[in-house]
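Structural overview for review
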Amino acid sequence: MLAEGLVDGGQVEEGDLLLRVDTADAETRRALAAADVTDAKAERLEATRALELSRDELLAAQDQLARRERWCVRQQDLVERGVGTEAALESAELAASTARQSVLSRRQAIQQAEARVNTASIRLERAELSLAEAERAVLDTEVFATFSGTLSEVSIVEGGIIS
């Protein structure tokens, strides 16, 4: 859409709308960018919750390891006093070893969850930048006069390509 006064010799006032280009493409890009921001926020929230859960699982695994190590010490004491069996001691040692492995696995899960949170945060930042750019593109579909005065050398026609 071109303003009626957007012709050679036309009079304009500062702030007058001079032209408006079709906003459909820019508004579509803005809507898609907004959806990407929403999706990225949800991913970051999910990643943060997964990290919290991983930390809770590590605490539980550490507690289990402490219990298994105490059980192992008790079994060793029983064997030394002659009232426990080597099989029970071996079982306690295997359980403690399994619990240690579980702690290591939980630590690795935390590292992966932290990496996921970082990736989700970066994705959100990028999505927000894309949204800001798309919002600027929508605003750039309108051109306003930056001065009051008479126009000269106007060579724009409705339906023409502008760059």
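Summary of the structure given here. (Residues numbered from 1 in each chain as written. Predicted model: local features only at pLDDT ≥ 70, side-chain atom pairs only at ≥ 80, totals over all residues. Heavy atoms only, no water.)

With that settled, the discussion passes to the side chain of Thr141. Relative to the elements of secondary structure, Thr141 occurs in the loop between α2 (86-139) and β3 (142-144). A relative accessible area of 6% places Thr141 in the buried class. Among all residues touching Thr141, those that are not within four sequence positions of it are Leu19, Arg20, Val21, Asp22, Thr23 and Ala26. (Helix = DSSP H or I, 4+ residues; strand = E, 2+ residues; numbered from the N terminus. Buried < 20%, exposed > 50% of the residue type's maximum accessible area, 1.4 Å probe, protein only. Contact = heavy atoms within 4.5 Å.)

Before going further, it helps to spend a moment on the nonpolar core. Counting residues in each nonpolar core, the largest one holds eleven residues, listed as Ala47, Leu51, Leu58, Ala61, Leu65, Ala99, Val103, Ile110, Ala113, Val117 and Ala120. Those elements that provide at least two residues to this core are α1 (24-80) and α2. Those residues in contact with Ala99 that lie beyond four places of it in its chain are Gln64, Leu65 and Arg68. Grouped together as the second largest cluster of nonpolar side chains are seven residues, Ala33, Ala40, Leu131 and Ala134 included. (Core = buried A, V, L, I, M, F, W, Y, C linked by side-chain atoms within 4.5 Å.)

This part covers the pattern of salt bridges. Counted under the stated rule, the structure contains eight salt bridges. For Glu142, the salt bridge identified is with Arg20, shortest N-O distance 2.8 Å. Taken as a pair, Glu142 in strand β3 and Arg20 in strand β2 (residues 17-20) lie far apart in primary sequence, 122 residues in all. Taking the relative accessible area as the measure of exposure, Arg20 reaches 33% and is therefore partly exposed. One salt bridge connects Arg100 with Glu69, and the closest N-O pair in it is separated by 3.2 Å. (Salt bridge = Lys/Arg side-chain N within 4 Å of Asp/Glu carboxyl O.)

Moving on: the layout of surface pockets. For the largest pocket, the calculated volume is near 160 Å³. As for the largest pocket, its lining consists of Val21, Asp22, Asp25, Ala26, Arg29, Ala137, Asp140 and Thr141. Here the lining of the largest pocket gets three residues from one element, more than from any other, and that element is α1. Its residues assigned to classes, the lining of the largest pocket comprises three nonpolar, one polar and four charged. (1 Å grid on protein atoms, 1.4 Å probe; cavity = no way out; pocket = protein on both sides within 12 Å on 5 of 7 lines; lining within 4 Å. Points joined across faces, edges and corners; volume = space filled by probe spheres on them. Nonpolar A, V, L, I, M, F, W, Y, C, P; charged D, E, K, R; others polar.)

Before going further, it helps to examine the packing of α1 against α2. Where α1 meets α2, the closest approach of the two axes is 6 Å, and the angle between their N-to-C directions is 165 degrees. Between α1 and α2, the crossing angle belongs to the class labelled roughly antiparallel. When the axes of α1 and α2 are compared, the crossing they make is left-handed. (Axes fitted to C-alpha atoms, helices over the stretch in contact; angles between N-to-C directions. Parallel < 35°, antiparallel > 145°, perpendicular 65-115°, else oblique. Left-handed = near helix turned anticlockwise from the far one by under 90°.)

Another point: the environment of Asp16. On the secondary structure map, Asp16 appears in the loop between β1 (11-12) and β2. Classification of Asp16 by relative accessible area gives partly exposed; the value is 31%. Sequence spacing of Asp16 and Ser148 is 132 residues, and the spatial spacing of their C-alpha atoms is 8.7 Å. Those residues in contact with Asp16 that lie beyond four places of it in its chain are Val143, Phe144 and Ala145.

With respect to the helices, strands and loops of the structure, Ala96 is situated in helix α2. By relative accessible area, which is 2% here, Ala96 ends up buried. Sequence separation between Ala96 and Arg68 is 28 residues, and the spatial gap between their C-alpha atoms is 4.9 Å. When near neighbours in sequence (up to four residues on either side) are disregarded, Ala96 contacts Leu65, Arg68 and Glu69.

The next subject is the environment of Gln62. In this structure, Gln62 sits in helix α1. Here the alpha-carbon distance between Gln62 and Ala35, two residues 27 residues apart in the chain, equals 41 Å.

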